[in-house]
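Here are the chains, one letter per residue:
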Amino acid sequence: MDERSPFAFSPDEWRQRLEQALDLECDLDPMILRARQLRRQGSNPQARCLEQELLPLF
């Protein structure tokens, strides 16, 4: 494990750590997982459309 202070992490390192933590989550909605997968594949318009389906109606 990295022993540096968390304040020394770059934004990319924070993003990577967050993505690693989210990958460990197993009870997420399949649509959220699919949107995440689409983003990783570079299909941002499709991911955005799917995310719109997940927004609350109120």
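Above: the structure in question.
All figures in this text were calculated on a predicted structure; none of them were measured in a lab.

Conventions adopted
Residues numbered from 1 in each chain as written. Predicted model: local features only at pLDDT ≥ 70, side-chain atom pairs only at ≥ 80, totals over all residues. Heavy atoms only, no water. Helix = DSSP H or I, 4+ residues; strand = E, 2+ residues; numbered from the N terminus. Buried < 20%, exposed > 50% of the residue type's maximum accessible area, 1.4 Å probe, protein only. Phe/Tyr/Trp six-rings, centres within 6.5 Å; stacked < 30°, edge-to-face > 60°. Axes fitted to C-alpha atoms, helices over the stretch in contact; angles between N-to-C directions. Parallel < 35°, antiparallel > 145°, perpendicular 65-115°, else oblique. Left-handed = near helix turned anticlockwise from the far one by under 90°. Contact = heavy atoms within 4.5 Å. Nonpolar A, V, L, I, M, F, W, Y, C, P; charged D, E, K, R; others polar.

**Brief notes about the overall build of the protein chain**
Logical step 1: Helix and strand counts for the protein chain stand at 3 helices and 0 strands.
Logical step 2: Listing each helix as α and each strand as β along the protein chain from the N terminus yields α-α-α.
Logical step 3: Here the protein chain holds 58 residues, and the buried ones make up 9% of them.

**Describing the packing of aromatic side chains**
Logical step 1: In this structure the tally under the stated criterion is 1 aromatic pair.
Logical step 2: Ring centres of F9 and W14 lie 5.3 Å apart, and the angle between their planes is 80°; this geometry places the pair in the edge-to-face category.
Logical step 3: Here W14 falls in the partly exposed class, since its relative accessible area comes to 44%.

**Brief notes about the packing of helix α2 (residues 30–40) against helix α3 (residues 44–54)**
Logical step 1: Two elements in contact, α2 and α3, have axes whose closest approach is 8 Å; the angle formed by their N-to-C orientations is 160°. Relative to α3, the element α2 lies roughly antiparallel. Handedness of the crossing formed by α2 with α3: left-handed. For the pair α2 and α3, contact is made by M31, I32, R34, A35, L38 and R39 and by N44, Q46, A47, R48, L50, E51, E53 and L54, respectively.
Logical step 2: Its residues placed into classes, the contact of α2 with α3 shows 7 nonpolar, 2 polar and 5 charged.

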